[in-house]
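Results of the structural survey
Residues per chain, in single letters:
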Amino acid sequence: MKALVETIAKALVDHPNEVRVNAVDKERTLVFELSVHPDDMGKIIGKQGRIAKALRTVVMAAAVETDKRVTVEIV
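Below or above, wherever it landed, is the structure these notes cover. (Residues numbered from 1 in each chain as written. Predicted model: local features only at pLDDT ≥ 70, side-chain atom pairs only at ≥ 80, totals over all residues. Heavy atoms only, no water.)

Glancing now at the pattern of salt bridges. One pass over the full model with this rule turns up four salt bridges. Of the charged contacts, one joins E6 and K10 as a salt bridge, the two residues approaching to 3.2 Å between their closest N and O atoms. On the criterion of helical spacing, the pair formed by E6 and K10 is a turn pair, its members being four residues apart in helix α1 (residues 2–12). By relative accessible area, which is 25% here, E6 ends up partly exposed. For K10, a relative accessible area of 35% translates into the label partly exposed. (Salt bridge = Lys/Arg side-chain N within 4 Å of Asp/Glu carboxyl O. Helix = DSSP H or I, 4+ residues; strand = E, 2+ residues; numbered from the N terminus. Buried < 20%, exposed > 50% of the residue type's maximum accessible area, 1.4 Å probe, protein only.)

Okay, structure coming up:
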């Protein structure tokens, strides 16, 4: 799933070489911390957070088979 988040983010930004995804495994939650170039922050978040919400929805749908809750944080 880390590769999924990275692939989607790289397709959206102008500086794909600066996309970083860090997976933090907590008790029953898997958190993907996404960081991008400061100029690309608006492209990842989108108008009224629509792109960020869609990204989170895709990741949650991909994580249905796992026993953990999966979230994406944009840092």
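There is more to say, and it comes next.
Within the secondary structure layout, D40 lies in the loop between β2 (29–35) and α2 (41–45). Notably, D40 is buried but unbridged: the nearest opposite-charge side chain belongs to K43, and the N-O separation is 4.9 Å. Contact partners of D40, with chain neighbours within four places excluded, come to V13, D14 and H15. (Lys, Arg positive; Asp, Glu negative; His and termini not counted. Contact = heavy atoms within 4.5 Å.)

Across six bridges, strand β1 (residues 20–25) lies against β2 in antiparallel orientation. When the sheet's bridge partners are listed, R20 is paired in β2 with S35. (Pairing = 2+ DSSP bridges.)

Hairpin remark: β1 followed by β2, antiparallel, with three residues in the connecting loop. Across six bridges, β2 lies against strand β3 (residues 69–74) in parallel orientation. Directly across from T29, in β3, lies its bridge partner R69.

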